[in-house]
Amino acid sequence: MINIQKASLLDLLPSPLRNDPAMSAAAISLDTQLQETTAMIAALDIFGRWTEWTEAETDELAVQYRPPYYDPDLPLEQKRLLVKTSIPFHRQKGTAAAVEDLIAILFGEGAVEEWWEYGGDPYHFRVVTNNADVTAARAREFIDAVDAVKRISAVLDSVTISQSEGLPLYIGGFLHFGEQITI
C-alpha cells in the first residue's frame, strides 16, 4: 500500500523512465510541489485539528459556524469546544441534552430536571449544577447560555447549586456481655 503523503513520483516511474536523467529530474521537482500541496490539503481539515486553532482562528470560525453561545472572553479551550460542537448543538437545540452539554462545557457538570420530575408547571425546568461560580460572577452568562439552547417555550424556574464537602464522621460503640449477680 502506498502512503500518498510520503510517496515519491520517482518511485512510481517504470525503470526505463527512472533511468532517464530528464524524467528523473522532472519527477524530483514535482515531488516537492506535490508534498507541499499534500501538506496544505491536510491543513484544510479544520475540525481534525481543532486543538491547534489559534485565538484568531477560533473567533473567525465562531462567526462562520455560530455556536449557540459564544463569548470572546472565554478561555481558548472552551471557545474551541463550543465551535467544534456547534453543528451537533444546532441539531439537538431545544432538548435537555443540549442544555446539559452546554453547561458541561462552560460550567462543569450540570443536569436538567424537567417539570414532571420535581412537580413544577408544564414546560418548566430547572438546572442543578455543582459550580459555585454560577451564583456570583457568571450568573448572567449562565442564564444567557441556557437561553441560547433551550426551547423558546421552556421556562427556567431555578438554578440549584449542589456542593459536596468532605465531613469527617466518627462512630463509636461498645458491646458488653455479662451477668450481674446480687447476693
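Look up: the structure comes first, before these words.
Residues numbered from 1 in each chain as written. Predicted model: local features only at pLDDT ≥ 70, side-chain atom pairs only at ≥ 80, totals over all residues. Heavy atoms only, no water.

**So, the overall build of the protein**
So, point 1. A tally of regular secondary structure across the protein gives 9 helices and 3 strands.
So, point 2. Walking the protein from its N terminus toward its C terminus, one meets helices and strands in the order α-α-α-α-α-α-α-β-α-β-α-β.
So, point 3. Its C-alpha atoms give the protein a radius of gyration of 30 Å, clearly above 16 Å, the size a compact globule of 183 residues would have.
So, point 4. Split into buried and exposed, the 183 residues of the protein put 27% on the buried side.
So, point 5. A fraction of 48% describes how many contacts in the protein between residues 6 or more apart in sequence connect residues 24 or more apart.
So, point 6. Side-chain charges of the protein comprise 14 positive and 27 negative groups, with the mean position of each set lying 6 Å from the other. (Helix = DSSP H or I, 4+ residues; strand = E, 2+ residues; numbered from the N terminus. Rg over C-alpha atoms; globule rule 2.2 N^0.38 Å. Buried < 20%, exposed > 50% of the residue type's maximum accessible area, 1.4 Å probe, protein only. Contact = heavy atoms within 4.5 Å. Lys, Arg positive; Asp, Glu negative; His and termini not counted. Charge placed at Lys NZ, Arg CZ, Asp CG, Glu CD.)

**Comments concerning empty space enclosed by the protein**
So, point 1. Overall, the coordinates contain 1 cavity of 30 Å³ or more when judged by the stated rule.
So, point 2. Taken as a whole, the largest cavity holds about 80 Å³ of empty space.
So, point 3. Every residue along the wall of the largest cavity is listed here: Gly94, Thr95, Ala96, Val99, Val112, Glu114, Tyr123, His124, Phe125, Lys150, Arg151 and Ala154.
So, point 4. Within the residue set of the lining of the largest cavity, elements represented by two or more residues are α7 (96-107), β1 (110-114) and β2 (124-129).
So, point 5. When grouped by side-chain class, the residues that make up the lining of the largest cavity number 6 nonpolar, 3 polar and 3 charged. (1 Å grid on protein atoms, 1.4 Å probe; cavity = no way out; pocket = protein on both sides within 12 Å on 5 of 7 lines; lining within 4 Å. Points joined across faces, edges and corners; volume = space filled by probe spheres on them. Nonpolar A, V, L, I, M, F, W, Y, C, P; charged D, E, K, R; others polar.)

**Observations regarding the sheet that holds β1**
So, point 1. In space, the 3 strands of this open sheet follow the order β1-β2-β3, with mixed pairing throughout. Strands with a single pairing partner mark the edges of an open sheet, and in this sheet they are β1 and β3 (155-161). Averaged over neighbouring strand pairs, the angle between their axes works out to 25 degrees when direction is ignored.
So, point 2. Sheet topology note: the β2/β3 ladder contains 6 bridges and is parallel. Along β3, the bridge assignment pairs valine 127 with valine 159.
So, point 3. Sitting on the sheet, α7 touches β1 and β2, and the angle it makes with β1 is about 155 degrees. (Pairing = 2+ DSSP bridges. Axes fitted to C-alpha atoms, helices over the stretch in contact; angles between N-to-C directions.)

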